[in-house]
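Each chain, written out:
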Amino acid sequence: MYNPPAFSEDRPEVLAAAVRAHPLGTLITSGASGLLANVAPFMMRQEGETWVLRSHLAKANDQIPDLRTGIDALVMFQGPQAYVSPTWYATKQEHGKAVPTWNYVIAQMWGSVILHDDPDWILDQLHEITGAQEGGRAQPWQVSDAPADYIKAQLRGIVGLEIRLTKMTGKWKLSQNQPERNRTGVIDGLRDDGQHQVADLVASAVL
């Protein structure tokens, strides 16, 4: 993706935190079936020096045949995003040279695909992802809450997905290219629009 230096974010720990906060990724492949994309929730972990994404897909998913060939894949994660009005720029009042834009956080990750049909691998992945999502609840749901035969039936319908990453990059486009007085206006404007999360990111962005 187009990624000017002012917006580039390549620190693995920052990218991993973005995946944990926004785990629903878009899995993109180009194989014999053409260009395909599906969304799935991912977990990201470090194994030695390699970063790994883990997920699962329905066996009936149209991407499975291509994924079984061991092709590479791209996974894109979309974080907070918001429209930026030029009326928020102090410099707009001075010379009028301002246009609308968008602030956003995106992480993109590439790697080789491994599919897992082993029920134990898939079950471990299900425990991992449900634990991450349910852990903060007063009464967290666990896989063991469902009848064992029901879970076994569910496992027969899905495939484990592992992507060993070879490249990852992020784009944190948060008004870093604007002078401080414009950034202040963007922060105030975003808060007025109820976009507090993006406003906080603009306020904390490293220039």
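Figured I'd write up the structure that's included with this text.

Reading guide: rules and limits
- Residues numbered from 1 in each chain as written.
- Predicted model: local features only at pLDDT ≥ 70, side-chain atom pairs only at ≥ 80, totals over all residues.
- Heavy atoms only, no water.
- Helix = DSSP H or I, 4+ residues; strand = E, 2+ residues; numbered from the N terminus.
- Buried < 20%, exposed > 50% of the residue type's maximum accessible area, 1.4 Å probe, protein only.
- Contact = heavy atoms within 4.5 Å.
- Areas by Shrake-Rupley, 256 points an atom, 1.4 Å probe, with all protein chains shown as cover.
- Lys, Arg positive; Asp, Glu negative; His and termini not counted.
- Charge placed at Lys NZ, Arg CZ, Asp CG, Glu CD.
- Core = buried A, V, L, I, M, F, W, Y, C linked by side-chain atoms within 4.5 Å.
- Pairing = 2+ DSSP bridges.
- Axes fitted to C-alpha atoms, helices over the stretch in contact; angles between N-to-C directions.
- Parallel < 35°, antiparallel > 145°, perpendicular 65-115°, else oblique.
- Left-handed = near helix turned anticlockwise from the far one by under 90°.
- Nonpolar A, V, L, I, M, F, W, Y, C, P; charged D, E, K, R; others polar.
- Salt bridge = Lys/Arg side-chain N within 4 Å of Asp/Glu carboxyl O.
- Polar contact = N/O pair within 3.5 Å; in protein donor to acceptor, adjacent residues only side chain to side chain.

As for the overall build of the protein
Scanning the protein from terminus to terminus reveals seven helices and eight strands. Seen through its C-alpha atoms, the protein measures out along the principal axes to roughly 70 × 45 × 30 Å. Here the protein holds 207 residues, and 44% of them are scored as buried. In the protein, once contacts between residues fewer than 6 apart in sequence are set aside, the share between residues at least 24 apart is 75%. Of the roughly 11100 Å² that the protein leaves accessible, carbon and sulfur atoms contribute 52%. Positive and negative side-chain charges in the protein, numbering 18 and 23 respectively, have mean positions lying 5 Å apart.

Observations concerning the nonpolar core
One finds Leu-27, Phe-42, Met-44, Leu-53, Met-109, Leu-161 and Ile-163 to be the most contacted residues of the largest nonpolar core, which totals 39 residues. Put simply, the parts of the chain that give this core at least two residues each are helix H1 (12-21), strand S5 (50-58), helix H2 (64-67), strand S6 (72-84), strand S7 (101-116), strand S8 (158-173), helix H6 (180-192) and helix H7 (196-204). Residues within four places of Leu-27 in sequence aside, it is in contact with Leu-36, Ala-37, Asn-38, Phe-42, Leu-57, Gln-63, Leu-67, Ala-73, Leu-74, Val-75, Leu-161 and Ile-163.

Describing the pairing of strand S3 (residues 34-41)
Pairing geometry for strand S2 (residues 24-31) and S3, over eight bridges, is antiparallel. Its bridge partner being in S3, Ile-28 is matched across the sheet by Ala-37. Following S2, the chain reverses through two residues before pairing antiparallel with S3.

Concerning the packing of H6 against H7
Remark: H6 packs on H7, axes separated minimally by 8 Å, with the N-to-C direction vectors making an angle of 165 degrees. By the angle class used here, H6 and H7 are roughly antiparallel. Where H6 crosses over H7, the two elements pack in a sense that is left-handed. Facing Arg-183, Val-186, Ile-187, Leu-190 and Arg-191 of H6, the residues of H7 in contact are His-196, Val-198, Ala-199, Asp-200, Val-202 and Ala-203. Considered class by class, the residues forming the contact of H6 with H7 number seven nonpolar, one polar and three charged.

Describing the side chain of Lys-173
Along the chain, Lys-173 turns up in strand S8. Lacking a salt bridge, the buried Lys-173 has Asp-193 as its closest oppositely charged neighbour, with an N-O distance of 14 Å. A polar atom in the side chain of Lys-173 sits 2.6 Å from the backbone oxygen of Trp-102. Setting aside residues up to four positions removed in sequence, Lys-173 forms contacts with Phe-7, Thr-101, Trp-102, Asn-103 and Tyr-104.

Comments concerning the environment of Ser-112
By the secondary structure assignment, Ser-112 is in strand S7. Sequence-distant contacts of Ser-112, defined by excluding residues within four places in its chain, comprise Ile-71, Asp-72, Glu-162, Ile-163 and Arg-164.

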